[in-house]
Amino acid sequence: MKQVHLTQIGDPPASVDCVEVPALGEPGPTQVLIDVAAGPINPAEILLIKGEYASIPDLPAPLGIEGAGTVRAVGASVSSLAPGDKVMILLRANWSAQVLADESEAIKLPPGIDLQQASMLKVNPATAHLMLRDYVDLKPGEWVIQNTANSGVGTSLIKLAKARGLKTVNIVRRESAADYCRELGGDVALTDGEDLAERVAEATGGADIRLGIDAVAGEAVIRLASCLADGGMVVNYGMLSGKPCMMTTDQTVFQSKQLRGFWLAKFLRGLGTEGTRALYAELAPMVESGAISVPVEAAYPIDQIKDAVAHACREGRGGKVLVLPNG
Ligand SMILES: NC(=O)c1ccc[n+]([C@@H]2O[C@H](COP(=O)([O-])OP(=O)(O)OC[C@H]3O[C@@H](n4cnc5c(N)ncnc54)[C@H](OP(=O)(O)O)[C@@H]3O)[C@@H](O)[C@H]2O)c1
């Protein structure tokens, strides 16, 4: 059976390999055996390969934070899943032809869902949903501002905000990405820059914006915070600039602006099995209907993992790069 391994910490394409491992065999009583259809290569995976994520795994380590597939066989005590069911996999080793998961680690999906889109459900739509829901109690008609708005998280956030009657200011780093955000329904889309606060105030008619969502860190946090009303909050969830988050003391002390962090993995641990199922039961129908969808720029068979990872590292992509463990 083919599986992708992280063989060393370092340069992403050079540090991953598709290897042959023994077949997994029959599921244990509480387990399900899943044929994995697809899994995206997310920025977190690249950070993990480079040794810049939350922790460094023992090597060699299987990779693939997200994935979705079809149940092939179930153990004797499994009651909620049956062969043929489509599932989203909570395990973090999905770039593999098959996985064995405990019943609680496989979330049943609607039968009509597209498995490539479903493979991107666990991380980005959930992250966008929770950051919009849990930090500032925004009312319909209010604004939220985010950077990296053309990313998987950002595009989900545009659609989720619209569904809640919220308006979005979308900050990107190139004009073509701003056009894309407007096409998706973003109310305002601007490129990042020093005069951001003035341009945002002009575009929103001086609206009070209470929530800013940041994946860039560094000085981008100062610029995002400068667009917020006094007392507003920046929720940071990424470090694409590679720099620590920055805010000025004017912002924190005199304007009472706050900075919080969000990490989905920790949030899901706190939810437990039933809470996690409820979260995805809310989001999966939006993926099934196409209300949330992320463009796919390329899909690679598992044995081309080095090319796939190199592709995922490119700037200015038009969508996600997927790994297809079963072709
Ligand atoms: N904390 C959490 O739980 C959590 C959960 C999900 C995602 N994340 C983080 O969210 C971020 C986005 O993830 P994703 O999967 O949505 O991304 P994605 O779809 O792969 O897109 C990457 C985005 O990052 C932008 N970008 C890359 N480097 C940048 C830089 N130096 N400055 C500004 N923008 C930059 C890209 O812009 P171009 O298109 O112009 O190249 C693109 O918009 C990542 O940092 C990821 O680690 C965190």
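Our subject is the structure listed above.
Residues numbered from 1 in each chain as written. Predicted model: local features only at pLDDT ≥ 70, side-chain atom pairs only at ≥ 80, totals over all residues.

### Points about the nonpolar core
Inside soluble globular proteins, nonpolar side chains tend to come together where they are buried.
Point 1. Core analysis: the largest hydrophobic core is formed by 46 residues, its most contacted members being Ile34, Val87 and Met88.
Point 2. It is strand E3 (residues 31–40) that provides the largest number of residues to this core, a total of six residues.
Point 3. Apart from the residues within four sequence positions on either side, methionine 88 is in contact with Ala68, Ile107, Leu109, Ala118, Leu121, Lys122 and Tyr280.
Point 4. By size, the runner-up hydrophobic cluster in this structure holds 41 residues, among which are Val153, Val172, Leu196 and Ala215. (Core = buried A, V, L, I, M, F, W, Y, C linked by C-beta atoms within 7 Å. Buried ≥ 20, exposed ≤ 12 C-beta atoms within 10 Å, placed from the backbone. Helix = DSSP H or I, 4+ residues; strand = E, 2+ residues; numbered from the N terminus. Contact = placed C-beta atoms within 7 Å.)

### A word on the pairing of strand E9 (residues 143–146)
Point 1. Residues Trp143 and Ile145 line one face of E9 and the alternating positions Val144 and Gln146 line the opposite face, and both faces are buried.
Point 2. Pairing of E9 with strand E10 (residues 167–172), which is carried by four bridges, proceeds in the parallel orientation. Each bridged residue has a counterpart across the sheet, and for isoleucine 145 the counterpart in E10 is valine 169.
Point 3. Read from E9 through helix H4 (residues 152–163) to E10, the crossover connection turns out right-handed.
Point 4. For E9 and strand E12 (residues 209–214), the ladder comprises four bridges, and the chain directions are parallel. (Pairing = 2+ DSSP bridges. Right-handed = clockwise from strand over helix to strand, strands pointing away.)

### Digging into the sheet that holds E12
Point 1. The strand order across the open sheet formed by six strands is E11-E10-E9-E12-E13-E14, and the pairing between neighbours is parallel. Since the sheet does not close on itself, it has two edges, and those belong to strand E11 (188–191) and strand E14 (258–261), each with one partner. When the angles between neighbouring strand axes are averaged without regard to direction, this sheet yields 20°.
Point 2. Across the sheet, helix H6 (residues 196–204) lies against E9, E10 and E11, angled at about 160° from E11, the strand it touches most. (Axes fitted to C-alpha atoms, helices over the stretch in contact; angles between N-to-C directions.)

### Topic: the environment of leucine 184
Point 1. By the secondary structure assignment, leucine 184 is in the loop between helix H5 (175–183) and E11.
Point 2. Residues leucine 184 and valine 321 lie 137 residues apart in sequence; the distance between their C-alpha atoms is 20 Å.
Point 3. Excluding anything up to four places from it in sequence, leucine 184 contacts Thr155, Ile158 and Lys159.

### A short note on the sheet that holds strand E4 (residues 61–62)
Point 1. The sheet built from three strands is open, its strands ordered E2-E1-E4 with antiparallel pairing. Edge positions in the open sheet fall to strand E2 (16–20) and E4, since each of these has one partner strand only.
Point 2. The sheet contact formed by strand E1 (residues 2–6) and E4 spans two bridges and is antiparallel. Within the sheet, the bridge partner assigned to leucine 6 lies in E4 and is alanine 61.

Shape is all these values report; function is a separate question.
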